[in-house]
Amino acid sequence: MSEHSSTSTPTSTPTSTPADVMSAMTTRLTTAFTPTQLDIIDESHLHIGHAGAQSGKGHYALTITSEAFAGKSRLQCHRMIYQALGELMQDNIHALSIKINT
């Protein structure tokens, strides 16, 4: 008699499509910063074969213009963006290139 376990093991592989991730990024960044410009480009195809691409997480380029960044250092702005993106940074984004304008 054999035993069969039906217990599933959670995985850390993201289940969202790049379009879903970009939509969630847009919503969160728009809510947090009311940008006058917000461009997100999926650059994952440029990283095929790269170790980070094997996780299924995406590579994105972000250009954002917002008065919310006025007077802040680049490090402060990046931290604000990472906070606004929340768990997307952990679960769905492997790399994020950021260009900030005020």
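As a reminder, the structure under discussion sits directly above these lines.
Residues numbered from 1 in each chain as written. Predicted model: local features only at pLDDT ≥ 70, side-chain atom pairs only at ≥ 80, totals over all residues. Heavy atoms only, no water.

Draft legend 1. Quick look at the overall build of the protein chain. Within the protein chain, the regular secondary structure consists of three helices and three strands. Ordered by position from the N terminus, the helices and strands of the protein chain form the series α-β-β-α-α-β. When contacts within the protein chain are restricted to residue pairs at least 6 apart in sequence, long-range pairs at least 24 apart make up 64% of them. Of the accessible surface of the protein chain, which amounts to about 6800 Å², a share of 50% is contributed by carbon and sulfur atoms. (Helix = DSSP H or I, 4+ residues; strand = E, 2+ residues; numbered from the N terminus. Contact = heavy atoms within 4.5 Å. Areas by Shrake-Rupley, 256 points an atom, 1.4 Å probe, with all protein chains shown as cover.)

Draft legend 2. Up close: the packing of helix H1 (residues 18-33) against helix H2 (residues 74-85). For the pair H1 and H2, interaxial distance at closest approach is 9 Å and the crossing angle is 125°. In terms of their interaxial angle, H1 and H2 are classed as oblique. For H1 against H2, the interelement crossing comes out right-handed. Of H2, the residues touching H1 (which contributes Met 25, Arg 28, Leu 29, Ala 32 and Phe 33) are Met 80, Ile 81, Ala 84 and Leu 85. Of the residues belonging to the contact of H1 with H2, the class tally is eight nonpolar, no polar and one charged. (Axes fitted to C-alpha atoms, helices over the stretch in contact; angles between N-to-C directions. Parallel < 35°, antiparallel > 145°, perpendicular 65-115°, else oblique. Left-handed = near helix turned anticlockwise from the far one by under 90°. Nonpolar A, V, L, I, M, F, W, Y, C, P; charged D, E, K, R; others polar.)

Draft legend 3. Local environment of H2. In this model, H2 (twelve residues) spans 17 Å end to end at C-alpha, consistent with the 16 Å of a helix rising 1.5 Å per residue. Listing the buried residues of H2 in full gives Cys 77, His 78, Ile 81, Ala 84 and Leu 85. Each buried residue of H2 sits inside an arc of 125° when the element is viewed along its axis, so together they form one side. Structural note: H2 exposes Leu 75, Arg 79 and Gln 83 on the side pointing more than 90 degrees away from its buried face. Its buried side turned inward, H2 meets H1, strand E2 (58-65), helix H3 (87-91) and strand E3 (93-101). Two residues or fewer after H2 comes Gly 86, characterised by a positive phi angle close to 55°. (Expected span 1.5 Å × (residues − 1). Buried < 20%, exposed > 50% of the residue type's maximum accessible area, 1.4 Å probe, protein only. Arc of directions from axis to C-beta.)

Draft legend 4. Layout of the side chain of Thr 65. If you trace the backbone, Thr 65 turns up in strand E2. Residue Thr 65 is classed as buried on the basis of its relative accessible area of 12%. Side-chain polar atoms of Thr 65 contact the side chain of Gln 37, separated by 2.9 Å. Look past the residues within four positions of Thr 65 in its chain and what remains in contact with it is Pro 35, Thr 36, Gln 37, Asn 101 and Thr 102. (Polar contact = N/O pair within 3.5 Å; in protein donor to acceptor, adjacent residues only side chain to side chain.)

Draft legend 5. Inspection of the side chain of Ser 44 at higher detail. Checked against the element boundaries, Ser 44 lands in the loop between strand E1 (37-42) and E2. A distance of 2.6 Å separates a polar atom in the side chain of Ser 44 from a polar atom in the side chain of Asp 42. Within the structure, the side chain of Ser 44 is placed 3.0 Å from the backbone nitrogen of His 59, a separation counted as a polar contact. With near-sequence residues (within four places) excluded, Ser 44 lies in contact with Gly 58 and His 59.

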